[in-house]
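# Secondary and tertiary structure notes
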Amino acid sequence: MINSEFRYAHHPNDVKKYTTEELREHFLIPDIFIEDQVKLVYSMYDRLIIGGIYPVNHALTLEPTKDLKAEFFLERRELGIINVGGKGKVTIDGTEYELSNKEALYIGKGNKEIVFDKVNNEQPLFYINSAPAHHSFPTKKITKNEAEIVELGDSKYANKRTINKLIVNSVLETCQLQMGMTELHPGSVWNTMPAHTHERRMEAYFYFDLEKGQSISHFMGQTNETRHIFLQNNQAVISPEWSIHSGVGTSNYTFIWGMAGENMDYSDMDGVNTDELK
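Residues numbered from 1 in each chain as written. Predicted model: local features only at pLDDT ≥ 70, side-chain atom pairs only at ≥ 80, totals over all residues. Heavy atoms only, no water.

## Focus: the environment of leucine 48
Tracing the sequence through the fold places leucine 48 in the loop between β3 (38–43) and β4 (49–53). Owing to a relative accessible area of 0%, leucine 48 belongs among the buried residues under this scheme. Separated by 27 residues in sequence, leucine 48 and glutamate 21 have C-alpha atoms that sit 23 Å apart. For leucine 48, the contacting residues outside a window of four places in its chain are Val41, Tyr42, Ser43, Asn129, Ser130, Ala131, Leu177, Met202, Ala204, Gly258 and Ala260. (Helix = DSSP H or I, 4+ residues; strand = E, 2+ residues; numbered from the N terminus. Buried < 20%, exposed > 50% of the residue type's maximum accessible area, 1.4 Å probe, protein only. Contact = heavy atoms within 4.5 Å.)

## Concerning the sheet that holds strand β9 (residues 104–107)
Ordered by their spatial adjacency, 7 strands build an open sheet running β1-β3-β4-β11-β6-β9-β12, and the pairing between neighbours is mixed. Only two strands of the sheet have a single partner each, and these edge strands are β1 (2–7) and β12 (140–142). Between one strand axis and the next, the sheet turns through 15° on average, direction left out of account. Where strand β6 (residues 77–83) meets β9, 4 bridges bridge the pair, whose relative direction is antiparallel. Counted as the bridge partner of isoleucine 81 is leucine 105 from β9. (Pairing = 2+ DSSP bridges. Axes fitted to C-alpha atoms, helices over the stretch in contact; angles between N-to-C directions.)

## Some remarks on the nonpolar core
Looking at soluble globular proteins, one finds that nonpolar side chains tend to be buried together. Core analysis: the largest hydrophobic core is formed by 52 residues, its most contacted members being Phe27, Ile50, Tyr127, Phe206 and Ile256. Looking at which element gives the most residues to this core, the answer is strand β18 (residues 201–208), with 6 residues. The contacts of phenylalanine 27, once residues within four sequence positions are left out, are Arg7, His10, Val15, Tyr18, Tyr45, Met220, Ile229, Ala236, Val237, Ile238 and Pro240. In this structure, Ile49, Ile81, Ile114 and Phe116 belong to the second largest nonpolar core, which totals 22 residues. (Core = buried A, V, L, I, M, F, W, Y, C linked by side-chain atoms within 4.5 Å.)

## Topic: the packing of aromatic side chains
Counted according to the given criterion, the structure contains 12 aromatic pairs. Ring centres 5.8 Å apart and planes at 85° place the aromatic pair phenylalanine 33 and phenylalanine 206 in the edge-to-face group. Separated by 173 residues along the polypeptide, phenylalanine 33 in the loop between β2 (28–29) and β3 and phenylalanine 206 in strand β18 bring together distant segments of the chain. Using a relative accessible area of 15% as the deciding quantity, one classes phenylalanine 33 as buried. Chaining the aromatic ring pairs together yields one cluster made of Phe33, Tyr54, Tyr127, Phe206 and Phe208. (Phe/Tyr/Trp six-rings, centres within 6.5 Å; stacked < 30°, edge-to-face > 60°.)

## Regarding the pattern of salt bridges
Tallied over the full model, the rule gives 14 salt bridges. Overlapping salt bridges bring together Glu5, Arg7, Asp31 and Lys39 as one network. (Salt bridge = Lys/Arg side-chain N within 4 Å of Asp/Glu carboxyl O.)

## Some remarks on the UniProt feature "binding site: Zn(2+)" (unreviewed entry) in the protein
Feature annotation in UniProt places "binding site: Zn(2+)" (unreviewed entry) on His196, His198, Glu203 and His245, given in this structure's numbering. For the residues just named, distributed over 50 residues, the greatest C-alpha separation is only 11.7 Å, placing them together at one site. Within the secondary structure layout, histidine 196 lies in strand β17 (residues 196–197). Of note is the side chain of histidine 196, whose polar atom sits 3.2 Å from the side chain of histidine 245. Among the secondary structure elements, histidine 198 is positioned in the loop between β17 and β18. What makes histidine 198 buried here is its relative accessible area of 2%. The contact partners of histidine 198, leaving out residues within four places of it in the chain, are Glu203, Glu241, His245, Met259, Asp268, Met269 and Asp270. (UniProt positions renumbered as here; feature names shortened; annotations may be inferred. Polar contact = N/O pair within 3.5 Å; in protein donor to acceptor, adjacent residues only side chain to side chain.)

Here you go:
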């Protein structure tokens, strides 16, 4: 079953006037994983699709929604998958790929049938991002051992973290999609601090591995007028190109970042000093 939503883009001056309820309605994705459903949110920010696939009682096939007006989902798109649950498998036009926890799979434009299922009664949770593509690159599985690893932050500032660059142009070729996973160390709760924007691409954050009963406050908005949205485990938030994207939790957690847009250079950011945020 396909469960799809469509989200429009927003002018930053309009967002300044939003209530808490309106911010959550437009930017929060609270229900990424729904049992035996393919959940998809089509965002007009660089036309990124954010979603979750949760096969419990049967396999699930990724099919095009009415918004795509396509014969098959990847007719004009590329796809990134990161499994945040137990072992699962993705079958692409008859070729099977097993994904363990925190392993990634890139699927290029033109692949037609994509099926998600369990392996050995384990329960996978497939988080996905998809962006428009104008070239077909090879399908590739990426393990954490194959990722580009960056250690950042300092326990003194509660932001010591490990960045796993999984689907990025330093690891494999893509058209525009970039995905990775940042794991906060025990005792650290801040991500992406100092904060930044990058007007050449948008971003989506998916938060998971959060201890039950804990919460995350995700900060967004322009640097001189920020807003916040509280999130729970297994929830995502859309970040416009004009917005910062930073969060703090009441305990450590892991999050997946996904980007689409004009520039694939990871370091292309417009930073802001922490003491200058308002």
